[in-house]
Amino acid sequence: MFSRNTIFGILIGLYAALFAYLLTRGYLLGDATFWIGICIVPFVLTKPAHRGRSLRLLPVVLLLVVGSLFIKERSFGYLLMIASVLFTIESCRGKTGPLLLWLLLIISPLFSYLSEVFTFPIRLKLSEWSGRLLQIFGFQVEVSGNIIHLNRSEFSVDPACMGLQMTGFALLSGIFLIAHYQHTTKRELSLMISSILMILVFGFNILCNLMRILVLVIFSIPPQNPLHDVAGIISLLAYVWLPVTLLVRFFFRYFSKSVNELPQKAGALRPGILIANVLIAAACTGFMLLPENVVVNNSSISPLVFNKKYQVTRLHAGVTRFQDKKALIYTKEIPSFYAAEHSPYTCWKGSGYSFTNIKEGRVSGNRIYLGTLQKGQDQLLTAWWFSNHEHNTISQLDWRWRVLRGDREFQLVNVTAANERDLHLAIREWL
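Residues numbered from 1 in each chain as written. Predicted model: local features only at pLDDT ≥ 70, side-chain atom pairs only at ≥ 80, totals over all residues. Heavy atoms only, no water.

**Some thoughts on unusual backbone geometry**
The general pattern is negative phi for most residues beyond glycine and trans for most peptide bonds.
And then number 1: At serine 220, a residue that is not glycine, the phi angle is positive and equals roughly 50°.
And then number 2: Position of serine 220 relative to the elements: it lies in the loop between helix H9 (191-218) and helix H10 (226-254).
And then number 3: For serine 364, which is not glycine, the phi torsion reads 55° and is therefore positive.
And then number 4: Mapped onto the elements of the fold, serine 364 is located in the loop between strand E9 (354-363) and strand E10 (366-375). (Helix = DSSP H or I, 4+ residues; strand = E, 2+ residues; numbered from the N terminus.)

**As for the packing of helix H6 (residues 109-118) against helix H13 (residues 396-404)**
What describes two packed helices is the angle between their axes and the distance between those same axes.
And then number 1: Packing of H6 against H13 brings their axes to within 10 Å, and their N-to-C directions diverge by 110°. The angle between H6 and H13 places the two elements in the roughly perpendicular class. Touching Tyr113, Val117 and Phe118 of H6 are Gln396, Leu397 and Arg400, all from H13.
And then number 2: For the contact of H6 with H13, a count of residues per class yields four nonpolar, one polar and one charged. (Axes fitted to C-alpha atoms, helices over the stretch in contact; angles between N-to-C directions. Parallel < 35°, antiparallel > 145°, perpendicular 65-115°, else oblique. Contact = heavy atoms within 4.5 Å. Nonpolar A, V, L, I, M, F, W, Y, C, P; charged D, E, K, R; others polar.)

**Focus on the sheet that holds strand E1 (residues 141-144)**
Strand pairing in a sheet relies on backbone hydrogen bonds. The paired strands run either parallel or antiparallel.
And then number 1: Sheet architecture is open: three strands sit in the order E1-E2-E3, paired in antiparallel fashion. Two strands lie at the open edges of the sheet, namely E1 and strand E3 (153-156), each paired on one side alone. Across this sheet, the average inter-strand angle for adjacent strands is 20°, counted without regard to direction.
And then number 2: By the bridge criterion, four bridges tie strand E2 (residues 147-150) to E3 in an arrangement that is antiparallel. Across the sheet, the residue bridging to histidine 149 is glutamate 154, located in E3.
And then number 3: Contacting E1 and E2, helix H7 (residues 120-136) crosses the sheet at an angle of about 165° to E1. (Pairing = 2+ DSSP bridges.)

**Some thoughts on the side chain of threonine 372**
And then number 1: One can find threonine 372 in strand E10.
And then number 2: Among the residues examined, threonine 372 registers a relative accessible area of 10% and is labelled buried.
And then number 3: Residues within four places of threonine 372 in sequence aside, it is in contact with Ser354, Phe355, Thr356, Asn357, Gln379, Leu380 and Leu381. (Buried < 20%, exposed > 50% of the residue type's maximum accessible area, 1.4 Å probe, protein only.)

**A short note on the side chain of asparagine 277**
And then number 1: Position of asparagine 277 among the secondary structure elements: in helix H11 (residues 271-289).
And then number 2: According to the relative accessible area criterion, asparagine 277 is buried, its value standing at 0%.
And then number 3: Of note is the side chain of asparagine 277, whose polar atom sits 3.0 Å from the side chain of threonine 88.
And then number 4: The contact partners of asparagine 277, leaving out residues within four places of it in the chain, are Leu11, Phe87, Thr88, Ser91 and Cys92. (Polar contact = N/O pair within 3.5 Å; in protein donor to acceptor, adjacent residues only side chain to side chain.)

**Overview of the packing of aromatic side chains**
And then number 1: Enumeration over the complete set of coordinates arrives at 19 aromatic pairs.
And then number 2: Ring geometry for phenylalanine 19 versus tyrosine 78: centroids 5.9 Å apart, planes at 85°, classification edge-to-face. With a gap of 59 residues between them, phenylalanine 19 in helix H1 (residues 4-24) and tyrosine 78 in helix H4 (residues 74-92) connect regions that are remote in the sequence.
And then number 3: On the accessibility criterion, phenylalanine 19 (15% relative accessible area) is buried.
And then number 4: Seen in terms of ring centroids, tyrosine 330 and tryptophan 348 are 6.4 Å apart; in terms of plane orientation they differ by 80°. Their pairing is edge-to-face. With tyrosine 330 in strand E8 (residues 327-333) and tryptophan 348 in helix H12 (residues 344-350), this pair connects stretches of sequence that are 18 residues apart.
And then number 5: Judged by relative accessible area, tyrosine 330 falls into the partly exposed class, the value being 23%.
And then number 6: A connected cluster of aromatic rings, assembled from ring pairs, spans Phe250, Phe251, Tyr254 and Phe255.
And then number 7: One residue, arginine 93, lies across the ring of phenylalanine 8, its end atom 5.0 Å from the ring centre. (Phe/Tyr/Trp six-rings, centres within 6.5 Å; stacked < 30°, edge-to-face > 60°. Lys NZ or Arg CZ within 6 Å of the ring centre and 35° of its normal.)

**Looking at the pairing of strand E6 (residues 311-314)**
Regular strands show a simple pattern: their side chains alternate between the two faces of the sheet.
And then number 1: One ladder, built from four bridges, connects E6 with strand E7 (residues 319-323); its direction is antiparallel. Bridging from a neighbouring strand, arginine 314 pairs with threonine 320 of E7.
And then number 2: Hairpin connection, E6 to E7: the antiparallel pair is bridged by four residues, and alanine 317 has positive phi, about 55°.

**Digging into the pattern of salt bridges**
And then number 1: One pass over the structure, following the stated rule, counts nine salt bridges.
And then number 2: With a shortest N-O distance of 3.0 Å, glutamate 360 and arginine 367 are connected by a salt bridge.
And then number 3: Residue class for glutamate 360 comes out partly exposed when judged on its relative accessible area of 39%.
And then number 4: What makes arginine 367 partly exposed here is its relative accessible area of 36%.
And then number 5: Linking arginine 408 and glutamate 390 is a salt bridge whose minimum nitrogen-to-oxygen distance equals 3.9 Å. With arginine 408 in the loop between H13 and strand E13 (411-417) and glutamate 390 in the loop between strand E11 (378-387) and strand E12 (392-393), this pair connects stretches of sequence that are 18 residues apart.
And then number 6: In this structure arginine 408 comes out as partly exposed when scored by relative accessible area, which is 35%.
And then number 7: Several salt bridges share partner residues, and in doing so they unite Asp398, Arg402, Arg405 and Asp407 into one network. (Salt bridge = Lys/Arg side-chain N within 4 Å of Asp/Glu carboxyl O.)

**Here we look at the nonpolar core**
And then number 1: Counting residues in hydrophobic clusters, the biggest one holds 62 residues, and the most contacted among them are Tyr15, Val44, Tyr78, Met81, Leu103, Ile178 and Val248.
And then number 2: It is H4 that contributes the most residues to this core, eleven residues altogether.
And then number 3: Non-local contacts of methionine 81, meaning those with residues more than four positions away in its chain, are made with Tyr15, Leu18, Phe19, Leu22 and Cys284.
And then number 4: Grouped together as the second largest cluster of nonpolar side chains are 37 residues, Ile334, Leu381, Trp385 and Ala426 included. (Core = buried A, V, L, I, M, F, W, Y, C linked by side-chain atoms within 4.5 Å.)

Listed below in C-alpha cells is the structure:
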C-alpha cells in the first residue's frame with residue numbers, strides 16, 4: 001500500500017501537470033505576476049506548525065463538481081482545481097490558512113478579468129482625482145476624460161496605469177508579508193481578518209497609482225522613459241510595501257491567534273479519503289481537458305438585425321457585426337450573470353488600436369463610455385454600454401444583478417464611427 005506522502009506527491013504532481021497544461025494552452029498568462037506568485041507558493045506552504053488534517057473543503061469541492069456539469073467555462077474549472085488542490089493538501093497533510101487560496105486566485109486569469117472589469121471605473125477616476133489634486137497644489141491643469149493637460153503638454157492616463165501588474169504585485173507583497181510574520185511569530189490571521197487586510201492592501205495600491213500618476217505628470221515622464229518604470233517601483237515601495245509592513249505587524253499584534261501544533265502521524269490514508277481524492281482529481285482532470293463550451297442565447301439580439309441598412313455578419317462566441325457606410329457596431333451576447341464579456345478596450349487593442357480620451361458620457365439620458373481609437377493616422381470615435389433593450393447601463397454590478405434576479409440577458413453594445421455626428425446618430429439608434 002502506498003504511503004500518505006507517496007499518494008500526496010502523485011496527486012500534487014497531477015495538479016501541477018494541469019497547471020502546466022493550462023499554461024501551454026494560454027489560459028494562465030505566464031506574466032510576471034504569475035511567476036512571482038509561483039515562487040511564493042513554497043514559502044506559503046511552509047506552515048509555522050503542523051495542524052490536523054481536515055475534510056472541511058469536501059462539500060465545497062462536491063458543489064463545484066456538480067456545478068461543472070452545468071457551467072462549462074474554464075474559469076469555473078479553475079475554481080474547481082483550486083478547491084481540489086486545497087482539499088488534497090488538507091486531507092493528506094493538514095489544514096492550510098487562507099493565504100494559499102488568495103495566492104492561487106491572484107495568479108489566475110480570473111483575477112486578471114475581475115481586476116480589468118470591476119476596477120475600470122476606478123482607473124478612469126484616477127485622472128480626475130489627479131487633476132483635482134494638481135489644481136489644489138496650484139498647477140494650471142485641465143482634465144478631459146483620461147487626458148490631463150499641463151503646461152501645454154498632454155498626458156494620457158491609460159486605464160492600465162492602475163494596471164494588473166501593479167495590482168498583482170501589491171497583493172502578492174501583502175501575502176508575502178503575512179506569510180513572513182506567520183513564520184516569525186508562529187501565529188496566524190483568520191480568513192476574515194486576512195480578507196480585511198487584503199482589501200486594505202488594494203486601497204494602498206490605489207493610493208500608490210495616484211501618487212505615481214502625479215509624479216509622472218508633474219515631471220512630464222513619458223511611458224518610453226526608463227524613469228516611468230522607476231517611478232512605479234518607488235511608488236510601490238513607498239505607498240504599498242512600507243505601510244502594509246506596518247499594518248501587518250499591527251494586525252499580528254492585536255488580531256492573530258496561535259497555531260495549535262499537533263504531532264504528525266505517518267502511515268497510509270484511510271480508504272475513503274484516498275478514493276475521494278482520486279475521484280475528485282479525475283473529475284477535475286476531465287473537466288479541464290474538455291473543450292470550453294460557449295453557450296450563447298440569441299434571444300436578446302437587437303431587432304436591428306432585420307434592418308436592411310446594416311450588413312450583418314455573425315462572428316464567433318456570440319459576437320455579431322453590423323456595418324453600414326457611417327457606423328460599425330459590434331454586439332456581444334452575455335449568456336449569464338457570471339459570464340465574461342470582452343471589453344472593447346481589450347478587443348480594439350488586439351486589433352492594433354490604442355485608446356485615448358476615455359470618459360463617461362450621457363446620450364438621451366443614458367450613461368455610456370466614450371473613447372477615441374488611434375492607429376497611426378487612422379482615428380475613430382467609439383462608445384459602449386450594456387443593454388437588454390429594456391435597460392441600459394455601464395455598471396457591471398447593475399447588469400449582473402438584474403440578470404441574477406430574472407431580467408432578460410444583456411449584451412455588450414459597441415458603436416464606432418469616423419466623426420462625432422455619425423457616432424451620436426448611431427448611439428441614439430441603438431439605445
